[in-house]
Amino acid sequence: MGIKDVFTRFMGGRRSKMPIRDTEQYPRMTNLGNLGLGGGRKAQYKPTPPNIRYFSRTPYVRAAIRRIRDPLCSLEWEIVPVKGTKNNRHLDQQIQTATDCFLHPNLDDSFRTMLGQIVEDWLVLGAGGIEQQLGGDMIRPLWMWPVDAQSIQIFPGWAGGRNEARYLQTIGYTNVGLLQGRKLTNEEIVYIKANDNTETPYGFGALEIAFNSVNRQLGVAEFTGNLASNAQPQLLLFFESAD
C-alpha cells in the first residue's frame, strides 16, 4: 500500500465499499526520489532514443510503417449499439453525433489523418496519444487532437483520482523538456500503449525494439573490427633479452 493510499483511507477520500490496493504499482520505479509531499510521485520519462524519429524516416523503415499504417487507416468503420441494446430514435441520434465527432475530430484533421499520426507514434515510440475535450455545442460535443507521444510523461503513482494528474506533457526538443510541462488528467488524454507490462507504465514500439537491436549489432561490429585491425600477434610473446 502506498503512502497516498494510507492518507486516502483515513481521510475518507475513497468510494464506499471500494477496496484499496496493497501491492505497489511499478515497484521498480518507486524510490525515495520519486516520493513527493502527500505521497505523490514525480512524473517519469521514457528513455526513448531521441534520434528514433530520424530512423523512422529511412526508406526501409518508412516502407514497413506504411504497410501497416495505410491499410488500418483505410478500413471502414461504424459506431453501433452494444450487443443486446434495443435500437430507438434517441440512440440513432447519439450514434450520428458520435460519428460526426470522429469524422471531424478537430479543425485540422479528419479521422484518417488523426489515426495515421496515432498509429505512426504507436509503431515508432510504443504509444499513441489523443487529447479529448468536451465543448458546449451539443451537435459536436467531443473534440480530439493527436499528441506527440514522446512528449508525454507518466505519474506511476497515480491513484485513480478524477482531478489528479496522471500525465505531464513536457515542452522541449527531446523527451526531457527544459520548460515546465502541462499536467493532464486521465480524462484529458487517451494513452494507447504497445506491448505493455507490469514493470513500467510505458510500452515498447516495434521500431524501438528494432532500433536498439540494430544499434547493438553495429556497436559490436565496430568494436570487433577495431580490435581485429589493431591486433599485433608478432609482439604477443615478446621477451626482451631472452634467448
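Note that this is a predicted model, so its numbers are computed, not measured. (Residues numbered from 1 in each chain as written. Predicted model: local features only at pLDDT ≥ 70, side-chain atom pairs only at ≥ 80, totals over all residues. Heavy atoms only, no water.)

Moving on, we get to a nonpolar patch on the surface. Nonpolar side chains collect at one region of the surface, where Ile-68, Leu-72 and Leu-75 lie side by side and expose about 270 Å² of accessible area between them. Mapped onto the fold, Leu-72 is located in helix 3 (residues 59–73). You can call Leu-72 partly exposed: its relative accessible area is 39%. (Patch = residues over 30% accessible without salt bridge, like charges linked within 9 Å, V, L, I, M, F, W, Y side chains within 5 Å. Areas by Shrake-Rupley, 256 points an atom, 1.4 Å probe, with all protein chains shown as cover. Salt bridge = Lys/Arg side-chain N within 4 Å of Asp/Glu carboxyl O. Helix = DSSP H or I, 4+ residues; strand = E, 2+ residues; numbered from the N terminus. Buried < 20%, exposed > 50% of the residue type's maximum accessible area, 1.4 Å probe, protein only.)

For the rest of this paragraph, the subject is the packing of aromatic side chains. Applying the stated rule across the entire model yields 6 aromatic pairs. Consider the rings of Trp-77 and Phe-102, whose centres lie 6.3 Å apart with planes at 65°: the pair is edge-to-face. Of this pair, Trp-77 sits in the loop between helix 3 and helix 4 (89–103) while Phe-102 sits in helix 4; the two residues are 25 residues apart in sequence, bridging distant segments of the chain. The class for Trp-77 is partly exposed, based on a relative accessible area of 30%. Every member of this aromatic cluster is reached through a ring pair, and the members are Trp-77, Phe-102 and Phe-111. Taking NZ or CZ as reference, Arg-57 lies 5.5 Å from the ring centre of Tyr-54, over its face. The ring centre of Trp-143 lies 3.8 Å from the NZ or CZ of Arg-140, which sits over that ring. (Phe/Tyr/Trp six-rings, centres within 6.5 Å; stacked < 30°, edge-to-face > 60°. Lys NZ or Arg CZ within 6 Å of the ring centre and 35° of its normal.)

A word on the sheet that holds strand 1 (residues 127–134). Here we have 3 strands laid out as an open sheet, ordered 2-1-6, and antiparallel in their pairing. Here the strands that pair on one side only, and so sit at the sheet edges, are strand 2 (142–147) and strand 6 (189–193). Averaged over neighbouring strand pairs, the angle between their axes works out to 25° when direction is ignored. Examined bridge by bridge, strand 1 and strand 6 share 5 bridges and lie antiparallel to one another. Note that in strand 6 the partner of Ala-127 across the bridge is Lys-193. (Pairing = 2+ DSSP bridges. Axes fitted to C-alpha atoms, helices over the stretch in contact; angles between N-to-C directions.)

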